[in-house]
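# Descriptive analysis of the structure
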Amino acid sequence: MSTKIEEKPETETEADEQTSPGEQRRELKRERAAEREQQIQEELSEAEETVGIKVFRFDPEVADKEEPRFDSFTVPFFRGMSVLDALVYARDTYDSSLTFRHSCRQAVCGSDALFINGRQRLACKTQVSDLEWPIRIEPLPHQDVVKDLVVDMEHFYEQMHAVEPFFDPDETPDGELEEQRQTPENREKVKLSTRCIWCGACMSSCNIAAGDNEYLGPAAINKAYRFAMDEREGEDRKQERLRIVEQEHGVWRCQTQFSCTEVCPKDIPLTEHIQELKREAVKSNLKFW
Amino acid sequence: MYEHDVIVVGAGGAGLRAAIEAHEEGADVALVTKLHPVRSHTGAAEGGINAALHEKDSWDLHAYDTMKGSDYLGDAPAIDAFAKEARHEVIQLEHWGMPFSREEDGTVSQRPFGGLSHPRTTYAGAETGHHLLHTMYEQVVKRGIEVYDEWFVTRLAVTDESNPSDRTCHGCVAYEIATGELSGFYARDGVILATGGLGQAFDHTTNAIACTGDGQAMAYRAGAPMEDMEFVQFHPTTLPSTGVLISEGVRGEGGILYNDNEERLMYEYGYANNDGELASRDVVSRAELTEVNEGRGIEDEYVHLDMRHLGEERIIDRLENILHLAEDFEGVDGLDEPMPVKPGQHYQMGGTEVDEYGHSCVDGLYAVGECACYSLHGANRLGGNALPELLVFGARAGRHAAGAVEEEPEIPTGPGAKSDDWDEESPAELGAVDATDPIAADGGAVATPQEVLEQAVETERERVETLMERDGINHADVRAKVQKTMTENVNVFREESNLKQALKDIREAREEYQNVAVADPSRTYNTDLIHTIETRNVIDVAEAIALGALARKEFRGAHWRKQYQERRDDEYLKHTLYAWNGGNPELYYKPVILEGHEEKYEPKVRSY
Ligand SMILES: Cc1cc2nc3c(=O)[nH]c(=O)nc-3n(C[C@H](O)[C@H](O)[C@H](O)COP(=O)(O)OP(=O)(O)OC[C@H]3O[C@@H](n4cnc5c(N)ncnc54)[C@H](O)[C@@H]3O)c2cc1C
Ligand code: SF4
Ligand code: FES
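From a predicted model like this one, the values you see are computed outputs, not experimental measurements.

Quick look at the confidence of the model for chain B now. For chain B, mean pLDDT is 94; residues scoring 70 or higher make up 98% of the total. Confidence metrics for the complex model read pTM 0.95 and ipTM 0.94.

Next comes the structure, spelled out in structure tokens:
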């Protein structure tokens, strides 16, 4: 489908003599809307199947969106289609104000953790064919909604930062091109914990986090685990890290409900990591008494 | 207005590295980024980071391989600095905690990669980029460097003397996505652009949705030309529905490509009788497209990559992550059925013209990472050379902006470097549609940096208001038009008539862009507005790619021309520059620098 602009606004004056640029734009918009309508009809009738999505809408600033509501969209289905594809189609075809975060489309940027058919999932990593239709898409529960599917991630980031999330060895080798040694076994031990993409799905799924706003949450504790278990950091640093996670709103809050582990799109054994840190904390406390 | 010594725009690998280095040199530095740092596309890189760490290896071999890979369109000062400094950068990354894959003795593993004379690719499982990005963000947190995340930079604040080399960059204008606030960011010592790739100029790409060429386009409009834009790397095995990359590893382990007749196409049609599926990326990409064009593609779109014959055990052992990718993003079980694949845009070799410190011709304006062109990759990038580039040049630019470099650069930039003009006619009009398209500040009349900044903010405020208040068409239509023509006409096959068609379509898109409007009336998280502004950047970079490709009548690296099947060193051993020139763009050339400190590189045939 291609449309040539018949009347090019060559220069201001020329355009003024006929119709104003504003009118031309509106005219073009109407043309486009008509074409689009036709195109949608074609795409929908060509598609072997269509899928319905029901999307949560809210915008504190826009009159008819101040009250949260659900909008339904019908989207042509194709093999390999992800929930993110369906959202993008709905936005680009029906309503350009439909708002959600997304970027990589391949489960590495962690932007699009959403509440899809009642469960925290990455929209890009969730195949439409694996779900019951119509698909219900909501923002992550237990987080403030900014607009539509976008939630405020600030609190999540604060918790991540609270565990001193950076590598901090006692010393590094002197040789200019000399690396620290790490056994393949130790690397294997921290491997899964390093996969976190900061999507926030785990935190959103956690009852404890919902009730205790100061709870560090599974992702932050896992981040602490990633460093505490890395043999390249010294023993003293490890003890400091254990002190951080065993504070009042740390590991002991976890009641091993496994909801975080279930929803984590990177398959990180979060509950196990939390449990292991509990054991380590006990061990180290015994040592100091 | 916000104020810092150094402002880094973009927080992928390149931006984070630049910020850390400027901070180490004592500068007050801030990162301004449209995505939270960990959401940057550096996180998608799988393969690895090249550095000559091994005793038997040496940096000059790495430099030599890079120059050869570039098809002699790299500049020796950039390549030499890169190969030398990559070693220290990779070790430093290890000291910062990067979870590299290890040997039994605890040292960092290195594996072979295409085009390298020595196994020198370090990696962290199949998620090297993810680990690099997170490790570096951790160091930013450790240093308490200020991050303005979800702030979208729309414009640079640059003085507007007529010669870009006389201009100064004093900062940028950014839009806070959550609130709709537009603000000036005054940079006392420099702005470093690190905005990444431009895959969104194509409709099928391994790049993220956010890779829209913003930095290249903003710098271009501010006076720093785009260089060697025609060199675009396509990857032959990407999943058709998303562009997710299926790594070379599958073919390395013995995966086979089949067409719709279930013929092993690489041999059956003689695309690569020696190397078969292991031929270089561009050869395989062209083979696949030829199959589709000649009616032997599956669903007229893709071919099959089959690994089933390798057996379940071997697949799970070596290629497990591929199984997940195919399953999650294409709904295909690689153990059970072949995987659909087709070529996709992957990496942009060209970018904002800068010297070997990342400095452009505009004083105080830097560019690093995929958005920059210091002429490291030349006509073709070697796998595993982009990630170390982020580190080496991020650090160099950070140091330079913080005032800690005394050496003079050897790579010349700006109009003064011009050697010859392109003396043909463009098939379509180029550049600005009309004079109201905002260009620079205001005829050199503005005096202080603050005034330059205030004016830039005012221009952007008007632009945003116009887009929000008027009625018009959806930018998505315009963007789709550009993407479609780029994918059809400026892909791995380049023919004169197609390139001309692309330029006409891009012109049409640019004219239509005059009529776009933002339908979402909200100031809160208005992604409609963000994407609309990005689309103009997409148009600028697409034009540069298509015109550069039309002008270059030879086959070099990733740039293939149907009528010109030879590399023509007598005529084209030179870089393409594309300058905005106040809205009347100009294409010209400057010479390649093959003279290194240690040796002079002699162009050889690039065959692998
Ligand atoms: C799938 C894939 C695999 C790859 N594998 C490898 C590999 O194995 N080895 C290798 O060496 N290379 C690889 N590459 C290439 C390499 O990963 C990229 O070239 C590199 O990561 C780009 O980094 P960057 O920092 O320049 O940009 P990005 O990481 O893309 O970061 C860009 C940043 O700029 C910000 N930004 C953009 N526009 C604006 C704006 N207007 N305002 C504010 N902020 C903005 C974004 O928020 C982001 O933070 C791969 C690339 C892809 C796509
Ligand atoms: S631990 Fe898993 S669910 Fe939680 S933020 Fe990280 S990737 Fe997301
Ligand atoms: S879009 Fe990046 S994780 Fe889904």
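Listed by partner, the interface residues are 79 residues for chain B and 72 residues for chain A. Here chain B and chain A share an interface that buries about 6,600 Å² over both sides, 49% of which is from carbon and sulfur atoms. Together, Arg39(B), His95(B) and Glu138(B) form the three largest contributors to the area buried by chain B at its contact with chain A, with a combined 11%. Where chain B packs against chain A, one counts 12 salt bridges. Inspection of the region where chain B meets chain A yields 44 residue pairs in polar contact (both at pLDDT 80 or more). A per-element tally of the side of chain B that touches chain A places helix H4 (residues 128-143) of chain B first, with 8 residues. When the residues that make up the side of chain B that touches chain A are grouped by side-chain class, the tally is 23 nonpolar, 30 polar and 26 charged.

Residues and elements named next belong to chain A. Taken domain by domain, chain A comprises domain 1 (38-150) and domain 2 (153-169 + 183-285). Once you take the C-alpha centre of each, domain 1 and domain 2 turn out to be 31 Å apart. Taken together, the contacts link 14 residues of domain 1 with 14 residues of domain 2. Carbon and sulfur atoms make up 54% of the surface buried where domain 1 meets domain 2, a total of about 1,100 Å² over both sides. When the buried surface of domain 1 facing domain 2 is broken down by residue, Gln120, His142 and Gln143 rank first, second and third, together holding 39% of it. Linking domain 1 to domain 2 there are 5 residue pairs in polar contact (both at pLDDT 80 or more).

All names here are of chain B. The immediate surroundings of ligand 1 are formed by 38 residues, with Ser40, Thr42, Asp214, Glu370 and Leu387 found nearest. Taking Val153, its main chain carries an N or O atom lying 2.9 Å from a nitrogen atom of ligand 1. One of the side-chain N or O atoms of Arg381 is found 3.1 Å from a nitrogen atom in ligand 1. When the free accessible area of ligand 1 is taken as 1,000 Å², the share hidden by the protein chains comes to 96%. Elements with a contribution of two residues or more to the shell around ligand 1: helix H1 (13-24), strand E2 (29-33), strand E7 (151-158), strand E14 (339-348) and helix H10 (386-401). Its residues placed into classes, the shell around ligand 1 shows 16 nonpolar, 17 polar and 5 charged.

Rules behind the numbers
- Residues numbered from 1 in each chain as written.
- Chains lettered and ligands numbered in written order.
- Predicted model: local features only at pLDDT ≥ 70, side-chain atom pairs only at ≥ 80, totals over all residues.
- Heavy atoms only, no water.
- pLDDT = per-residue confidence, 0-100.
- Contact = heavy atoms within 4.5 Å.
- Buried area = accessible area lost by both parts, 1.4 Å probe.
- Salt bridge = Lys/Arg side-chain N within 4 Å of Asp/Glu carboxyl O.
- Polar contact = N/O pair within 3.5 Å; in protein donor to acceptor, adjacent residues only side chain to side chain.
- Helix = DSSP H or I, 4+ residues; strand = E, 2+ residues; numbered from the N terminus.
- Nonpolar A, V, L, I, M, F, W, Y, C, P; charged D, E, K, R; others polar.
- Domains from an automatic or database assignment.
- Near = heavy atom within 4 Å.
- Areas by Shrake-Rupley, 256 points an atom, 1.4 Å probe, with all protein chains shown as cover.

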